[in-house]
Structures are given as structure tokens and as C-alpha cells.
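# Coordinate inspection notes
Spelled out, the chains give:
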Amino acid sequence: MATAIDVRNISKQFVLRHTRSLKEALVWLLTGRKGDLSHKFFALHDVSLSVEQGESVALLGFNGSGKSTLLKHISGVMTPDSGSVLTRGRVAGLIEVGAGFHHDLTGRDNVYLNGAILGMTEEQIKERFDSIVEFSEIGEFIDTEVKFYSSGMYLRLAFSVAVHTDPEVFLVDEILAVGDEPFQRKCIAKIKELSAEGKTLVVVSHDLELVKQICERGILLERGRIQYDGNIERAVEVMRSTI
């Protein structure tokens with residue numbers, strides 16, 4: 001089976017800058033005192049993994065573990081300081097609500113804009129436009145500027161565009177927590193459908209029961225390093241044992 005995602009020895013470092021009060025900053029300035037108001041930390045440290053075509057994988061971990069950063073590297077939103085990330089086929093998904101949307105454009109315009117960003121041609125978007133709007137269930141608001149949309153409406157339209165790109169690799173980052181329960185069920189059903197069709201799925205979620213439903217493999221991260229990679233049931237057990 002072909003490899004859909006190949007992550008090799010990637011590391012990503014960020015700089016945290018600490019703000020001080022105006023009074024403290026002034027005292028430091030007048031006294032000539034110096035201090036480092038920042039420090040570096042590894043969000044990812046020498047992470048390697050591969051995902052085969054058709055696999056469904058959950059990236060697990062507590063806040064700050066590096067799972068969303070890893071997903072952003074897979075999507076191409078971020079580039080690593082070292083190492084490499086290779087993907088095969090069209091990659092689409094939801095990294096954050098409204099990403100790729102322009103607030104001053106209507107929902108209709110944003111379908112074309114976001115569809116183009118995700119690799120669809122204008123002709124493909126035209127062919128799938130009605131299905132996109134129907135799935136999103138926001139037909140009466142499609143010609144409203146999206147700056148007036150609620151976060152749930154953003155989700156509906158963004159998810160609908162993403163799944164209609166017919167991706168080979170589909171990425172989801174905790175986004176399903178935003179929508180109402182009926183639409184969440186609809187999204188989950190669609191994700192299961194994509195998985196059944198042999199699409200590659202990578203999910204970031206704190207909902208452990210949900211990921212057990214839709215994923216077969218779990219990768220547990222802690223402080224930017226992989227702590228466990230294997231069966232999803234066991235991955236959830238390992239994560240819960242650290243609480």
C-alpha cells in the first residue's frame with residue numbers, strides 16, 4: 001500500500017516572549033538592568049511517522065503536546081525547522097474555523113475562493129456548488145457576507161467545501177466541537193464515509209470516544225515527542241493512564 005504521509009525527523013521551535021508591567025519595564029530601563037524576556041521551546045522534537053493510504057489516525061495529547069502543530073505541518077500551513085513532510089494526493093480539511101475565508105466576501109464568493117485554495121478548478125466548483133450549499137444547510141445566507149456568520153455557520157460552509165474537494169488526505173483539528181449536535185453527527189457520518197472510500201484521515205480531538213469510533217490508529221504526543229503509536233484503543237488507555 002502507498003504511503004500517504006511521510007514525516008521524517010521534523011522539529012519546530014517557537015520563541016515565547018514574556019511581557020512585564022510598565023512599572024517593571026521602566027525600573028529595568030532606568031537601572032540598566034537587562035534580562036531575557038523570552039525563551040525557546042520545542043513544539044515538535046525529532047518527530048517521525050508514516051501514514052499509509054486509507055489509514056485513519058488520531059493525534060492525541062493534552063494541550064501543548066504538539067498535536068495541532070504536527071497537523072499544521074502535514075497540511076503545509078507550517079514548515080519545520082528541520083526534517084521533511086511529504087504527502088501524496090490532494091490534501092484538504094479543517095485546521096481552524098474560517099481559514100481561507102475572506103470576511104468581506106459573501107458565502108458564495110468564499111465557496112469559490114476556498115475551493116480554489118484547496119485545489120478545485122472553477123468548473124469543478126460550479127459543478128459541486130449546489131451540493132456544497134445543500135450539505136452546509138445555510139442556503140438562505142449564502143449571499144450574506146461571512147463576517148455576519150456565526151462560528152457554527154463558518155463550520156458548516158468550511159466543512160462542506162473541504163469534503164467536496166474529493167481529497168485523498170483529509171485533516172480535522174478539533175473543529176467538530178463547534179457545530180451543533182445534528183451537524184456534528186452529519187460531519188462524523190461524512191468522515192466515516194470518506195474513510196470507507198479509502199481516503200486517508202488524520203484527526204486531532206480531545207473527544208476520546210469519538211476518535212475510537214472513526215480512527216483505527218492513535219499517536220500520542222507529549223511535549224513535542226511521540227510517546228505511543230499503535231492501536232487506537234490502547235492509545236486512549238495510555239493517554240488516560242497519565243491523567
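Model, not experiment: these values are computed from the prediction.

Counting 46 residues, the largest nonpolar core has Leu60, Val111, Leu157, Phe159 and Phe170 as its most contacted members. The biggest single contributor to this core is helix 5 (residues 151-163), with nine residues. With residues near it in sequence (within four places) discarded, Leu157 still touches Phe101, Gly107, Val111, Ile132, Ser136, Ile138, Ile142 and Tyr149. Core analysis: the second largest hydrophobic core is formed by 20 residues, Ala4, Val51, Val169 and Ile219 among them.

In the structure shown here, the tally under the stated rule is seven aromatic pairs. Between Tyr112 and Phe129 the ring centres are 5.9 Å apart and the planes differ by 25°, which places this aromatic pair in the stacked class. Note that Tyr112 is positioned in helix 3 (residues 107-117) and Phe129 in helix 4 (residues 122-136), a separation of 17 residues in sequence. Given a relative accessible area of 28%, Tyr112 falls into the partly exposed group. Accessibility expressed as a relative area gives 8% for Phe129, which makes it buried. Centroid distance Phe159 to Phe183: 6.5 Å. Interplanar angle 80°. Geometry classified as edge-to-face. Of this pair, Phe159 sits in helix 5 while Phe183 sits in helix 6 (residues 181-196), placing them 24 residues apart in sequence. For the pair formed by Phe159 and Phe183, the shared burial category is buried.

Rules and cut-offs
- Residues numbered from 1 in each chain as written.
- Predicted model: local features only at pLDDT ≥ 70, side-chain atom pairs only at ≥ 80, totals over all residues.
- Heavy atoms only, no water.
- Core = buried A, V, L, I, M, F, W, Y, C linked by side-chain atoms within 4.5 Å.
- Buried < 20%, exposed > 50% of the residue type's maximum accessible area, 1.4 Å probe, protein only.
- Helix = DSSP H or I, 4+ residues; strand = E, 2+ residues; numbered from the N terminus.
- Contact = heavy atoms within 4.5 Å.
- Phe/Tyr/Trp six-rings, centres within 6.5 Å; stacked < 30°, edge-to-face > 60°.

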